[in-house]
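Next come the chains, spelled out residue by residue.
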Amino acid sequence: MVQYNTKDWITFIFRFHKSDTFRQLLPIMFFIGLYSGIVGWLEVEYLNLPEKSYVRNLGTMHGMLGFVISLLLVFRTNTAYDRWWEGRKMWGSLVNNSRNFAIKLSAILKNDHDRAFFKKTIPSYASILNKHLKNEETGLMLFEGLDLKIDHEKHRPNQVAKMMFEKINDLYTSGKITGDQLIILNNEIQSFTDICGACERIKNTPIPYSYSAFLKKFIFFYVMTLPFGYAFSLGYYVVPVVVFIFYVLASLELIAEEIEDPFGNDENDLPTKKISENIKRHVEEIL
């Protein structure tokens, strides 16, 4: 996750980070600028369209559709950020639940061997969940017709949770913990599985294809028709204007694409590896 000073305006304006959308869009921005220049030259210089040409009225269409595309992009970015923030809340809950589980075990367990088991397995759950969510095949688990390697292997986070519950159950049968303590500790282990399921829901349920495809097509055709309507009033200034409009619209879509899967390896994804390391340190301090 990119670290920055939110109050440093100058840095934001003149710094181009490698995750900045400007670098990603530069090739197609150059193409759109060239395209806009050719369209402007054809209309103004070559075809020499008259003042009463209906092509001049295309700007009316762009004015009406601009409101629609702005609503779609607002919904798109809000939905993507909601997925990113929900993922952060889930990992925040994992941190708190790991601490609470370790604190309760520290007070209940007296045997060093039992404490050492949970000292190792609780951080292991966070570490394995991090790797599980970064696996590309995890995001394809709901797609039909795919023969995935992960389908032929055991669900590793579930295996760690199973080990912890089996250990808790052994402690109960051996008389080291009471029935009430078993119920309390069982709820803590169950919370781990609930968090894993919520993260998997975010990972393997992308934005519906029809919505994403329509928005990309809408942006493309909206931008590609801009030079026809504005070449008369702007002349060759239509080139930077159209390029800038495309940069704004396409950047919003790219940002949404990046943050809608918060468990990947992009610059702005959640630092799940760092969070799992913090869980390991906190649990070791407690136990």
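The model shown is predicted, which means the values in this text are computed figures rather than measured ones.

A word on the overall build of the chain
Thinking step 1. Helix and strand content of the chain: nine helices and zero strands.
Thinking step 2. Counting helices and strands in the order they occur from the N terminus, the chain gives α-α-α-α-α-α-α-α-α.
Thinking step 3. Taking all 287 residues of the chain together, the buried fraction comes to 40%.
Thinking step 4. Considering only contacts in the chain between residues 6 or more positions apart, those separated by 24 or more positions represent 80%.

Structural notes on the nonpolar core
Thinking step 1. Core analysis: the biggest nonpolar cluster contains 40 residues, and Phe 101, Phe 118 and Ile 168 have the highest contact counts within it.
Thinking step 2. Going through the elements one at a time, α3 (58-108), α4 (112-134), α5 (156-173), α6 (179-204), α8 (238-259) and α9 (272-286) are the ones with two or more residues in this core.
Thinking step 3. A total of ten residues in this core trace back to one element, the largest contributor, which is α3.
Thinking step 4. In this structure, Leu 73, Ile 207, Ile 219 and Leu 249 belong to the second largest nonpolar core, which totals 21 residues.

Brief notes about α9
Thinking step 1. The end-to-end C-alpha distance of α9, which contains 15 residues, comes to 21 Å, matching closely the 21 Å that a straight helix rising 1.5 Å per residue would cover.
Thinking step 2. For α9, the full list of buried residues reads Thr 272, Ile 275, Ser 276, Asn 278, Ile 279, His 282 and Val 283. Along the axis of α9, the buried residues cluster in a sector spanning 155°; they form a single face. When the buried face of α9 is taken as reference, the exposed residues oriented beyond 90 degrees from it are Lys 273 and Glu 285.

Considering the packing of α3 against α9
Thinking step 1. Orientation of α3 relative to α9, taken along the N-to-C sense of each, is 15°, at an axis distance of 9 Å. Classed by the angle they form, the pair α3 and α9 counts as roughly parallel. The way α3 lies across α9 gives a crossing that is right-handed. Seen from α3, the contacting residues are Arg 88, Trp 91, Leu 94, Val 95, Ser 98, Arg 99, Ala 102, Ile 103 and Ser 106; seen from α9, they are Thr 272, Ile 275, Ser 276, Ile 279, His 282, Val 283 and Ile 286.

What about the side chain of Glu 260?
Thinking step 1. Counting through the fold element by element, Glu 260 comes out in the loop between α8 and α9.
Thinking step 2. The residues touching Glu 260, leaving out its near neighbours within four places in the chain, are Arg 76, Ala 80, Arg 83, Ile 202 and Ile 207.

Some points on a nonpolar patch on the surface
Thinking step 1. Taken together, Phe 30, Leu 34, Ile 38, Trp 41, Leu 42, Tyr 46 and Tyr 236 make up a surface patch of nonpolar side chains, about 780 Å² in accessible area.
Thinking step 2. Looking at the element boundaries, Ile 38 is found in helix α2 (residues 21-46).

Some details on the pattern of salt bridges
Thinking step 1. In this structure the tally under the stated criterion is ten salt bridges.
Thinking step 2. The residue Lys 104 makes a salt bridge to Glu 188 at a minimum N-O spacing of 2.6 Å. Here Lys 104, found in helix α3, pairs with Glu 188, found in helix α6; they are 84 residues apart in sequence, far enough to count as distant.
Thinking step 3. For Lys 104, a relative accessible area of 29% puts it in the partly exposed group.
Thinking step 4. Residue Glu 188 is classed as buried on the basis of its relative accessible area, which comes to 9%.
Thinking step 5. One salt bridge connects Glu 257 with Lys 216, and the closest N-O pair in it is separated by 2.7 Å. Here Glu 257 is found in helix α8, whereas its partner Lys 216 is found in helix α7 (residues 209-234), with 41 residues between them in sequence.
Thinking step 6. Residue class for Glu 257 comes out partly exposed when judged on its relative accessible area of 28%.
Thinking step 7. For Lys 216, a relative accessible area of 37% gives the class partly exposed.
Thinking step 8. Through salt bridges with shared partners, a single ionic network connects Arg 76, Lys 216, Glu 253, Glu 257 and Glu 260.

Structural notes on the packing of α5 against α6
Thinking step 1. The N-to-C vectors of α5 and α6 enclose an angle of 180°; their axes lie 10 Å apart at closest approach. Judged on the interaxial angle alone, α6 and α5 are roughly antiparallel. Counting all contacts with α5, which are made through Pro 157, Asn 158, Ala 161, Met 164, Phe 165, Ile 168 and Tyr 172, the residues of α6 involved are Gly 179, Leu 182, Leu 185, Asn 186, Ile 189, Phe 192, Thr 193 and Cys 196.
Thinking step 2. Taken together, the residues that form the contact of α5 with α6 break down as eleven nonpolar, four polar and no charged.

Digging into α7
Thinking step 1. For α7, spanning 26 residues, the distance from its first C-alpha to its last is 37 Å, which sits close to the expected 38 Å at 1.5 Å a residue.
Thinking step 2. At Phe 228, α7 shows its maximal kink, close to 35°.
Thinking step 3. Looking one or two places after α7, you find Gly 235, whose phi comes out positive at around 65°.

Details of the packing of aromatic side chains
Thinking step 1. The full count for this structure, using the stated rule, is eleven aromatic pairs.
Thinking step 2. Look at Phe 220 and Phe 221: their rings are 5.3 Å apart centre to centre, the planes differ by 80°, and that puts the pair in the edge-to-face class.
Thinking step 3. One aromatic cluster in this structure is built from Phe 101, Phe 117, Phe 118, Tyr 125 and Phe 192.

So, how was this worked out
- Residues numbered from 1 in each chain as written.
- Predicted model: local features only at pLDDT ≥ 70, side-chain atom pairs only at ≥ 80, totals over all residues.
- Heavy atoms only, no water.
- Helix = DSSP H or I, 4+ residues; strand = E, 2+ residues; numbered from the N terminus.
- Buried < 20%, exposed > 50% of the residue type's maximum accessible area, 1.4 Å probe, protein only.
- Contact = heavy atoms within 4.5 Å.
- Core = buried A, V, L, I, M, F, W, Y, C linked by side-chain atoms within 4.5 Å.
- Expected span 1.5 Å × (residues − 1).
- Arc of directions from axis to C-beta.
- Axes fitted to C-alpha atoms, helices over the stretch in contact; angles between N-to-C directions.
- Parallel < 35°, antiparallel > 145°, perpendicular 65-115°, else oblique.
- Left-handed = near helix turned anticlockwise from the far one by under 90°.
- Patch = residues over 30% accessible without salt bridge, like charges linked within 9 Å, V, L, I, M, F, W, Y side chains within 5 Å.
- Areas by Shrake-Rupley, 256 points an atom, 1.4 Å probe, with all protein chains shown as cover.
- Salt bridge = Lys/Arg side-chain N within 4 Å of Asp/Glu carboxyl O.
- Nonpolar A, V, L, I, M, F, W, Y, C, P; charged D, E, K, R; others polar.
- Bend = angle between axes of the 7 residues up to and from the residue.
- Phe/Tyr/Trp six-rings, centres within 6.5 Å; stacked < 30°, edge-to-face > 60°.

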